[in-house]
2 protein chains.
Amino acid sequence: MTDIPHAALLPNGLSDVLPPRAEHEAHIVEQLMAFVAGHGYHRVKPPLIEFEDGLLSGAGAALTRDTFRVMDPVSQRMMAVRPDFTVQIGRIATSRLARTPRPLRLCYAGQVLRVRGTQLRPERQFTQVGAELIGATGEAAEAEVIVLVAEALEAVGAADLTLDLNLPTLLGVLVDAHGLDAEHHAELRAAVDHKDVAAVRTLAPSGLGGLLVSLIQATGPAQETLAEIGGLGLPDPAAERVAALGRLVARIESAHPGLPLTVDVLESRGFEYYTGIGFSVFARRARGELARGGRYGAGPGDSAEPSAGFTLMMDAVLDAVPPAASPARGLAPPGHDRALAARLRREGWIVLNALDGTDDPAAEARRLGCTHLLGASGPEGLD
Amino acid sequence: MTDIPHAALLPNGLSDVLPPRAEHEAHIVEQLMAFVAGHGYHRVKPPLIEFEDGLLSGAGAALTRDTFRVMDPVSQRMMAVRPDFTVQIGRIATSRLARTPRPLRLCYAGQVLRVRGTQLRPERQFTQVGAELIGATGEAAEAEVIVLVAEALEAVGAADLTLDLNLPTLLGVLVDAHGLDAEHHAELRAAVDHKDVAAVRTLAPSGLGGLLVSLIQATGPAQETLAEIGGLGLPDPAAERVAALGRLVARIESAHPGLPLTVDVLESRGFEYYTGIGFSVFARRARGELARGGRYGAGPGDSAEPSAGFTLMMDAVLDAVPPAASPARGLAPPGHDRALAARLRREGWIVLNALDGTDDPAAEARRLGCTHLLGASGPEGLD
């Protein structure tokens, strides 16, 4: 459709999704949800806003600065617009669905809002689709959600996927025994995140610098990288974390052979609330991550349950799937056979009713972007 | 699923939609959208929030008191969470889609928020589905959207529909010549809305009291009621408004015979921004209106275009349609045939993967609410 930019009409980072993209997005969302539902995940729909003290506690605290808040005149308490679904799903699992048998499989689709976009993604509203496997420990649960997200993406036509696996808590595990203070730890974390080898050597506790640099440099295809890390002689419990990641890789390769797996164990950006493995899914055609997920604790602190899940970012997913097909489109002139038009619509045609005053139905059909005109016995092509 | 009330977790009027209702709602929404799309309506998706001066101007002003507002730290301007879609669709039509040929058919589905619920409907978040036919005058356009909403509802199984037709501007047309001041007019409007015959007689301009009381009492089946009103000797232009409503009734009856039509010409509550006819759709099984709509001006004041549309309230729609069928549900034990499970899922089965440590797969399947266990050659029923 004709698209005249009126940028000033909308706040920066918020936009209208126009035809045909809005319909395409909705179709892909529902296909993904149907795929996930086929694996036993039950759809839930939490409200767009709720009390901020619930939404921004625990795992939600990492997004506090990105969250819109509004005063509720009814309760006189502050509410927040959700910046993410995961905290809400955890709340539902540990409250209203607390007595439903575990593992509990839940899924969701909807909108989230952020106060600020990033340089890479200026958008402030996102469509997210996700699934959470709640109350399940071990690599079987992690493998299930990873294979599920890959297969769901393939089912909607996303091609050339790659999966990057991480251990966002590994740095903490390694330095724990060395008693770093919080500020020192944060500096080291930032140096590792930026892969700043010189700073890591300076900031690392004695004896750990060389190991951390080796881990930063050990990234790439999963099996080779894990073998390389295995040769570094990591102390326990870090070694056990890497061994578990190796078992997870073997499970994924067995369940979904051919999915390229990479490993970057120290990568942790955006994984603040994960307690075990983290992962990201990429596709050659998409500019950013299609999905991310990992192992975390669902629900508020005391009642948190071991869980694994993923979130799909629909902007990136739409970049990675084939464009929507354009259905055939016909104009039905006044006095047309309504039963015939209804049958064509059930078969996938788009049939517009001409309103009054159409002297030249064929010209009117062309003007409205139709390819066909509905005749007495069926649609007639307009050359 | 087990449902333990934790009312205090969520603000009043906001709630979690749980299984199976969340999935049922999403399915019905997409079926309605597909039906509307088949009639040439293009889906658009405006953002959840935008600048308040746009969202609450013109037709949006009626909902100002019901709208959540947030400060945008990026633009330092006030934004509002949409309380309705119609204003946003009008903005899109008259800005980014200003050059798209008319009539322009647009549709939408999504969430809206209101600051306060009503006694009848305490909810503050609603799922709305709607369609707008923009840039089209006359009864053909009004008949199109009315027949479309009725057929869309029937397509998803809503039974025993009735349609109530109104002329929300008729009172203004009748009293216009009598020069009432605004306060007096508002009092009369309230008396008419409450069908308070005594107050109407007192407040009506001289010579109009008896006519207004007759119009208040003339409600019921469309043809009889219009005949009765035709005998009242309404002055022009009110008589022409009623005649146009009669032509609309004839069109609806011709296009969709058998839909019970009622008329209550002076009914105007909730139709503040309509400029011509208004309508509501009811179903015997649902507690409130399934849909409302009418004739209005789309877009901001100067560039407003004559339009007709409807909005479906999904809470009421879900009350009126048959409950969702429960698909068959099987547990796939560890080491199951993944290709067989994938085929069953494509056929509509729900197949859960058992995680590790399941000694008694049949017991585990029962515990998880499954009806079947996946064997080597297919699903086996669990008595």
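In this report, we go over the structure that sits alongside the text. Note that the structure is predicted; figures quoted are calculated from it, not measured. (Residues numbered from 1 in each chain as written. Chains lettered and ligands numbered in written order. Predicted model: local features only at pLDDT ≥ 70, side-chain atom pairs only at ≥ 80, totals over all residues. Heavy atoms only, no water.)

Moving on to the sheet that holds strand S2 (residues 49-51) of chain A. All names here are of chain A. Reading across from one edge, S2-S4-S3 is the order of the three strands in this open sheet, with antiparallel pairing throughout. The strands lining the two open edges of the sheet, one partner per strand, are S2 and strand S3 (69-72). Averaged over all neighbouring strand pairs, the angle between strand axes comes to 40°, with direction disregarded. Where S3 meets strand S4 (residues 77-81), four bridges bridge the pair, whose relative direction is antiparallel. Following the sheet pairing, Met-71 is matched in S4 by Met-78. (Pairing = 2+ DSSP bridges. Helix = DSSP H or I, 4+ residues; strand = E, 2+ residues; numbered from the N terminus. Axes fitted to C-alpha atoms, helices over the stretch in contact; angles between N-to-C directions.)

Another aspect to go through is unusual backbone geometry. Pro-19 of chain A connects to Pro-20 of chain A through a cis peptide bond whose omega is 0°. A cis amide bond links Asp-236 of chain A with the next residue in sequence, Pro-237 of chain A, at an omega value of 0°. Relative to the elements of secondary structure, Pro-237 of chain A occurs in the loop between helix H9 (222-230) and helix H10 (238-255). Of note in this structure, Lys-195 of chain A is not a glycine but carries a positive phi near 50°. Inspection of the secondary structure assignment puts Lys-195 of chain A in the loop between helix H6 (182-193) and helix H7 (197-203). Positive phi outside glycine occurs at Asp-160 of chain B, with the angle close to 55°. Along the polypeptide, Asp-160 of chain B turns up in the loop between helix H4 (139-155) and strand S7 (161-166). Accessibility expressed as a relative area gives 44% for Asp-160 of chain B, which makes it partly exposed. (Buried < 20%, exposed > 50% of the residue type's maximum accessible area, 1.4 Å probe, protein only.)

For the rest of this paragraph, the subject is the pairing of strand S10 (residues 278-283) of chain B. Each regular strand shows side chains that alternate between the opposite faces of the sheet. All names here are of chain B. Of all six residues in S10, five are buried, a share of seventy percent or more. By the bridge criterion, six bridges tie S7 to S10 in an arrangement that is antiparallel. Pairing of Asp-164 across the sheet is with Ser-280, part of S10. Bridge count between S10 and strand S11 (residues 291-298): four bridges; the pairing is antiparallel. Within the sheet, the bridge partner assigned to Ser-280 lies in S11 and is Arg-292.

Right, let's get into the sheet that holds strand S10 (residues 274-283) of chain A. All names here are of chain A. With mixed pairing, nine strands are arranged side by side in an open sheet as S1-S5-S6-S12-S11-S10-S7-S9-S8. Only two strands of the sheet have a single partner each, and these edge strands are strand S1 (42-43) and strand S8 (220-221). Here two bridges tie S8 to strand S9 (residues 261-263), and the two strands are oriented antiparallel to one another. Counterpart to Gly-220 in the pairing with S9 is Val-263.

Residues and elements named next belong to chain B. Topologically, Pro-20 is positioned in the segment before helix H1 (21-37). Assessed through its relative accessible area of 63%, Pro-20 is described here as exposed. Remark: the alpha-carbon pair of Pro-20 and Arg-338, spanning 318 residues in sequence, is separated by 26 Å.

Geometry of an aromatic ring pair is reported as the spacing of the ring centres plus the angle between the planes. All names here are of chain A. Throughout the structure, instances matching the rule amount to two aromatic pairs over all chains. Ring centres of Phe-85 and Tyr-108 lie 4.3 Å apart, and the angle between their planes is 20°; this geometry places the pair in the stacked category. Of the two residues, Phe-85 is situated in the loop between S4 and helix H3 (86-94) and Tyr-108 in strand S5 (residues 104-113); the sequence distance between them amounts to 23 residues. Lying over the aromatic face of Phe-51, Arg-77 brings its terminal NZ or CZ to 3.6 Å of the ring centre. (Phe/Tyr/Trp six-rings, centres within 6.5 Å; stacked < 30°, edge-to-face > 60°. Lys NZ or Arg CZ within 6 Å of the ring centre and 35° of its normal.)

We now examine the interface of chain B and chain A. Listed by partner, the interface residues are 84 residues for chain B and 84 residues for chain A. For the chain B and chain A pair, buried surface summed over both sides reaches about 7,700 Å², with 61% attributable to carbon and sulfur atoms. Area buried by chain B at its contact with chain A is led by Lys-45, Arg-96 and Leu-355 of chain B, which between them contribute 11% of it. In this structure, the connection of chain B to chain A is made through eight salt bridges. With its nearest N and O atoms 2.7 Å apart, the salt bridge here joins Arg-91 of chain B to Asp-16 of chain A. Counting across the interface, chain B meets chain A through 32 residue pairs in polar contact (both at pLDDT 80 or more). Of all the elements, H1 of chain B adds the most residues to the side of chain B that touches chain A, at six residues. Each residue belonging to the side of chain B that touches chain A can be placed in one class, and the counts come to 45 nonpolar, 14 polar and 25 charged. (Contact = heavy atoms within 4.5 Å. Buried area = accessible area lost by both parts, 1.4 Å probe. Salt bridge = Lys/Arg side-chain N within 4 Å of Asp/Glu carboxyl O. Polar contact = N/O pair within 3.5 Å; in protein donor to acceptor, adjacent residues only side chain to side chain. Nonpolar A, V, L, I, M, F, W, Y, C, P; charged D, E, K, R; others polar.)

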